[in-house]
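# Architecture and fold: a report
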Amino acid sequence: MENQSLQKKVVLTCAQPTGKLHLGNYIGAVRQWVKMQEDYECYFGIVDMHAITMPYVPAELRKNTYMCAAQYLACGLDPDKCSMFIQSNVRGHAELTWILACLCPIGQLERMTQFKDKARKLSEGAGGVSIGSGLLFYPVLMAADILIYNADLVPVGEDQKQHMELARDLAQKFNNTYSPTFNLPEAYIPKTGARIMSLQNPDAKMSKSDKNALGSLYMIDTPDVLRKKIMSAVTDSGSEVKFAEEKSGISNLISIMSSVTDKSVSDIESEFAGKQYGAFKKAVADAVIAKFDPIRIKYEELMTDKAYLESVLKRGAAAAQRRADKMMSKVYRKAGYVDAISSK
Ligand code: AMP
Ligand code: TRP
């Protein structure tokens with residue numbers, strides 16, 4: 001008990017293996033994780049079990065998992081400071097999902113906005129693809145990801161608030177039904193790090209699903225591609241480099257500049273007072289390339305060394321498994337399961 005206060009808080013976050021990460025992922029998520037590994041006991045999961053809740057291609061999932069791991073490492077996640085693992089490599093996520101699912105009212109899952117959006121998209125798609133039950137249970141699996149590590153803090157984007165509420169509800173429900181077991185995890189939503197918008201439609205979030213290939217800046221894009229995308233970013237017909245609601249294109253470029261250089265918006269406005277949009281875009285391109293090029297180079301090097309990537313993921317999974325096993329043996333005991341197999 002005495003050294004409880006000296007123990008680091010446990011941070012857990014996960015992301016789906018989407019393949020290429022964009023500037024929004026970097027600013028809104030990965031950059032924060034890299035900072036947090038300095039102060040907390042951190043677990044970062046690549047959630048391949050979540051990835052199969054929508055139609056997918058196995059070979060792509062495998063490739064995207066390696067790509068994501070390599071990009072996280074290239075951004076500065078350090079295997080000596082955090083545990084990065086693949087969800088399906090750690091036993092217990094699915095088992096805890098089952099136990100939590102038995103406590104979770106089905107109506108609460110049917111009301112989840114993300115479930116409704118994804119289900120609608122599937123049924124509207126060509127031919128209407130059927131909706132797997134895994135999609136409905138997605139938020140229970142996410143609760144299990146968090147509770148199995150008894151995490152204190154969970155860095156997530158705004159869109160995950162409803163899922164976080166469910167994780168807390170299920171923790172509470174387990175604690176009430178059996179006995180106090182889980183901490184109630186807190187969502188950690190970074191205050192800084194503006195929402196990065198699409199370069200082609202600055203009123204929509206930068207996103208991988210953007211139909212327009214010029215809308216998103218990927219960290220593994222080559223400098224030429226990054227420059228081309230930024231130079232062709234949509235702006236208004238004015239010429240003043242000023243942050244304003246009605247100038248969403250130029251404001252987005254100012255946010256990007258501010259995020260990658262750590263300069264304030266007002267410093268950027270004064271630096272570019274009287275300059276043309278073209279000159280400003282060129283400076284934004286230089287700044288983004290300066291940030292992303294070392295990451296791309298490191299990424300390419302890591303992708304040629306699968307054995308190293310696997311060794312990092314193996315070590316991460318072993319650390320995650322140790323913590324997960326502790327929670328799962330408690331959970332199984334409290335649920336009334338008999339353990340006739342572990343050595344006593
Ligand atoms: P996604 O794969 O789109 O769910 O993104 C994973 C995480 O990246 C989100 O939870 C956010 O924290 C962050 N993120 C994604 N897109 C953006 C964006 N356009 N601007 C800022 N953060 C973003
Ligand atoms: N649902 C999250 C997203 O789409 C990913 C995720 C799965 C997650 N399990 C998690 C995030 C556990 C935090 C903690 O962004």
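The coordinates are above.
Residues numbered from 1 in each chain as written. Chains lettered and ligands numbered in written order. Predicted model: local features only at pLDDT ≥ 70, side-chain atom pairs only at ≥ 80, totals over all residues. Heavy atoms only, no water.

Within this structure, the stated rule accounts for one cavity of 30 Å³ or more. Its volume calculated, the largest cavity comes out at about 40 Å³. Of all the secondary-structure elements, those providing two or more residues to the lining of the largest cavity are α6 (113-124) and α7 (133-147). (1 Å grid on protein atoms, 1.4 Å probe; cavity = no way out; pocket = protein on both sides within 12 Å on 5 of 7 lines; lining within 4 Å. Points joined across faces, edges and corners; volume = space filled by probe spheres on them. Helix = DSSP H or I, 4+ residues; strand = E, 2+ residues; numbered from the N terminus.)

Residues in close proximity to ligand 1 total eleven residues, the closest being His22, Gly24, Asn25, Ile196 and Met206. A distance of 3.1 Å separates an oxygen atom of ligand 1 from a polar side-chain atom of asparagine 25. Here isoleucine 196 contributes a backbone N or O atom positioned 2.7 Å from a nitrogen atom of ligand 1. Expressed as a share of its isolated accessible area of 480 Å², the protein-covered part of ligand 1 is 74%. Partitioned by chemical class, the residues of the shell around ligand 1 number four nonpolar, five polar and two charged. (Near = heavy atom within 4 Å. Polar contact = N/O pair within 3.5 Å; in protein donor to acceptor, adjacent residues only side chain to side chain. Areas by Shrake-Rupley, 256 points an atom, 1.4 Å probe, with all protein chains shown as cover. Nonpolar A, V, L, I, M, F, W, Y, C, P; charged D, E, K, R; others polar.)

What follows deals with the packing of aromatic side chains. Two aromatic rings, taken as a pair, are described by how far apart their centres are and by the angle between their planes. Using the criterion set out here, one finds nine aromatic pairs in the structure. Considering the side-chain rings of tyrosine 43 and tyrosine 149, the 5.3 Å spacing of their centres and the 15° angle between planes classify their relative orientation as stacked. With a gap of 106 residues between them, tyrosine 43 in strand β2 (residues 41-46) and tyrosine 149 in the loop between α7 and β4 (153-155) connect regions that are remote in the sequence. Classification of tyrosine 149 by relative accessible area gives buried; the value is 0%. Through a chain of ring-to-ring contacts, the aromatic side chains of Trp33, Phe44 and Tyr72 assemble into a single cluster. (Phe/Tyr/Trp six-rings, centres within 6.5 Å; stacked < 30°, edge-to-face > 60°. Buried < 20%, exposed > 50% of the residue type's maximum accessible area, 1.4 Å probe, protein only.)

Time to look at helix α13 (residues 306-335). Residues three or four positions apart in an α-helix share a direction because the helix packs 3.6 residues into each turn. The first and last C-alpha atoms of α13 sit 40 Å apart over 30 residues, in line with the 44 Å expected at 1.5 Å per residue. Among the residues of α13, Leu309, Val312, Leu313, Gly316, Ala317, Ala319, Ala320, Gln321, Ala324, Met327, Met328 and Val331 are the ones counted as buried. With its phi angle positive at about 95°, glycine 336 sits one or two positions after the end of α13. (Expected span 1.5 Å × (residues − 1).)

It is worth spelling out the packing of helix α9 (residues 223-231) against helix α12 (residues 277-303) at this point. Put simply, α9 and α12 touch, their axes get as near as 9 Å, and they point 150° apart. Overall, the two elements α9 and α12 adopt an arrangement that is roughly antiparallel. With respect to the hand of their crossing, α9 and α12 are arranged in right-handed fashion. Of α12, the residues touching α9 (which contributes Pro223, Leu226, Arg227, Ile230 and Met231) are Gly278, Lys281, Lys282, Val284, Ala285, Asp286, Val288, Ile289, Phe292, Asp293 and Arg296. Its residues placed into classes, the contact of α9 with α12 shows nine nonpolar, one polar and six charged. (Axes fitted to C-alpha atoms, helices over the stretch in contact; angles between N-to-C directions. Parallel < 35°, antiparallel > 145°, perpendicular 65-115°, else oblique. Left-handed = near helix turned anticlockwise from the far one by under 90°. Contact = heavy atoms within 4.5 Å.)

When the charged atoms of two side chains with opposite charge come close together, those side chains can pair. According to the stated counting rule, one finds 15 salt bridges in the structure shown. Arginine 227 is paired through a salt bridge with aspartate 286; the nearest N and O atoms lie 2.8 Å apart. A residue pair is termed long-range when its members are at least 10 positions apart, and arginine 227 in helix α9 and aspartate 286 in helix α12 qualify at 59 residues. Of the charged contacts in the structure, one is a salt bridge between lysine 298 and glutamate 301, with a shortest N-O distance of 3.6 Å. Of this pair, lysine 298 and glutamate 301 are both found in helix α12, three residues apart, which corresponds to roughly one turn of the helix. Here the salt bridges do not stand alone but share partners, grouping Arg227, Lys282 and Asp286 into one network. (Salt bridge = Lys/Arg side-chain N within 4 Å of Asp/Glu carboxyl O.)

Moving on, we get to the layout of surface pockets. One number sums up the size of the second largest pocket: a volume of about 400 Å³. In this structure, the second largest pocket is lined by 13 residues; those nearest its centre are Asp325, Met328, Ser329, Tyr332 and Asp339. Residue contributions to the lining of the second largest pocket peak at five residues, all from α13. Grouping the constituent residues of the lining of the second largest pocket by class yields five nonpolar, three polar and five charged.

Another point: the site of ligand 2. Surveying the vicinity of ligand 2 reveals the residues Leu12, Thr13, Cys14, Val47, His50, Tyr138, Met142, Asp145, Ile146, Val154, Val156 and Gln160. Tyrosine 138 is positioned with one of its side-chain polar atoms (N or O) 2.7 Å from a nitrogen atom of ligand 2. Side-chain polar atom of aspartate 145 to a nitrogen atom of ligand 2: 2.7 Å apart, as the coordinates give it. Coverage of ligand 2 by the protein chains reaches 87% of its 360 Å² of free accessible surface. Of all the secondary-structure elements, those providing two or more residues to the shell around ligand 2 are β1 (10-15) and α7. With four residues, the single largest contributor to the shell around ligand 2 is α7. Its residues placed into classes, the shell around ligand 2 shows eight nonpolar, three polar and one charged.

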